[in-house]
Amino acid sequence: MESIHCFSNGNGRHSRLMADLITEKLYRSNFFSWGRVNLVKATEVRSNYIQAIRKVDKNNIKPLIDFAKI
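All of the points below concern the structure found in this document. From a predicted model like this one, the values you see are computed outputs, not experimental measurements.

1. Considerations on the packing of aromatic side chains
Any aromatic ring pair is given by two values, namely how distant the centres are and how the planes are angled relative to each other.
So, point 1. Evaluated as defined, the whole model comprises 1 aromatic pair.
So, point 2. Pairing Tyr49 with Phe67 gives two aromatic rings, centres 5.6 Å apart and planes at 40°, and the pair type is tilted. Of the two residues, Tyr49 sits in helix H2 (residues 44-56) while Phe67 sits in helix H3 (residues 62-68), which places them 18 residues apart along the sequence. Just as Tyr49 is buried, Phe67 falls in that class too.

Spelled out as structure tokens, the structure:
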């Protein structure tokens, strides 16, 4: 999902929503917290999120999963 980048600053919201829906509907699991803050504002948490996404782009999904579970 993160590799598509079809929106200049909205693909993340779409991807997070899809991840939440998949985990809720298919796995009957709780939603991810996604850092528990607004990820649109330029904060340290957003910076950590962006770093995790960049690692996904290099086929390392663990940092993003860890971030999402905070």
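2. With respect to the environment of Arg16
So, point 1. Within the fold, Arg16 resides in helix H1 (residues 11-25).
So, point 2. For the pair Arg16 and Trp34, spaced 18 residues apart in sequence, the C-alpha separation works out to 7.9 Å.
So, point 3. Excluding residues that lie within four positions of it along the chain, Arg16 makes contacts with Trp34, Leu39 and Tyr49.

3. Some points on the nonpolar core
So, point 1. Of all hydrophobic cores here, the largest spans 10 residues; its members are Ala19, Trp34, Leu39, Tyr49, Ala52, Ile53, Val56, Leu64, Phe67 and Ala68.
So, point 2. Listed by contribution, the elements that provide at least two residues to this core are H2 and H3.
So, point 3. For this core, the element with the highest residue contribution is H2, accounting for 4 residues.

4. Digging into H2
So, point 1. Between its terminal C-alpha atoms H2 stretches 19 Å, which fits the 18 Å expected from 13 residues at 1.5 Å a residue.
So, point 2. Along H2, the residues that are buried comprise Tyr49, Ala52, Ile53 and Val56. Summarising the axial view, the buried residues of H2 lie within an arc of 100°, below the 170-degree limit, and thus occupy one face. Residues of H2 that are exposed and point over 90 degrees away from its buried face: Glu44 and Arg54.

5. Let's talk about unusual backbone geometry
So, point 1. At Asn59, a position not held by glycine, the phi torsion is positive, near 70°.
So, point 2. On the secondary structure map, Asn59 appears in the loop between H2 and H3.

6. Points about a nonpolar patch on the surface
So, point 1. A cluster of nonpolar side chains, namely Ile22, Leu26 and Tyr27, defines an oily patch on the protein surface of about 360 Å² accessible area.
So, point 2. Relative to the helices and strands, Tyr27 resides in the loop between H1 and H2.

So, how was this worked out
Residues numbered from 1 in each chain as written. Predicted model: local features only at pLDDT ≥ 70, side-chain atom pairs only at ≥ 80, totals over all residues. Heavy atoms only, no water. Phe/Tyr/Trp six-rings, centres within 6.5 Å; stacked < 30°, edge-to-face > 60°. Helix = DSSP H or I, 4+ residues; strand = E, 2+ residues; numbered from the N terminus. Buried < 20%, exposed > 50% of the residue type's maximum accessible area, 1.4 Å probe, protein only. Contact = heavy atoms within 4.5 Å. Core = buried A, V, L, I, M, F, W, Y, C linked by side-chain atoms within 4.5 Å. Expected span 1.5 Å × (residues − 1). Arc of directions from axis to C-beta. Patch = residues over 30% accessible without salt bridge, like charges linked within 9 Å, V, L, I, M, F, W, Y side chains within 5 Å. Areas by Shrake-Rupley, 256 points an atom, 1.4 Å probe, with all protein chains shown as cover. Salt bridge = Lys/Arg side-chain N within 4 Å of Asp/Glu carboxyl O.

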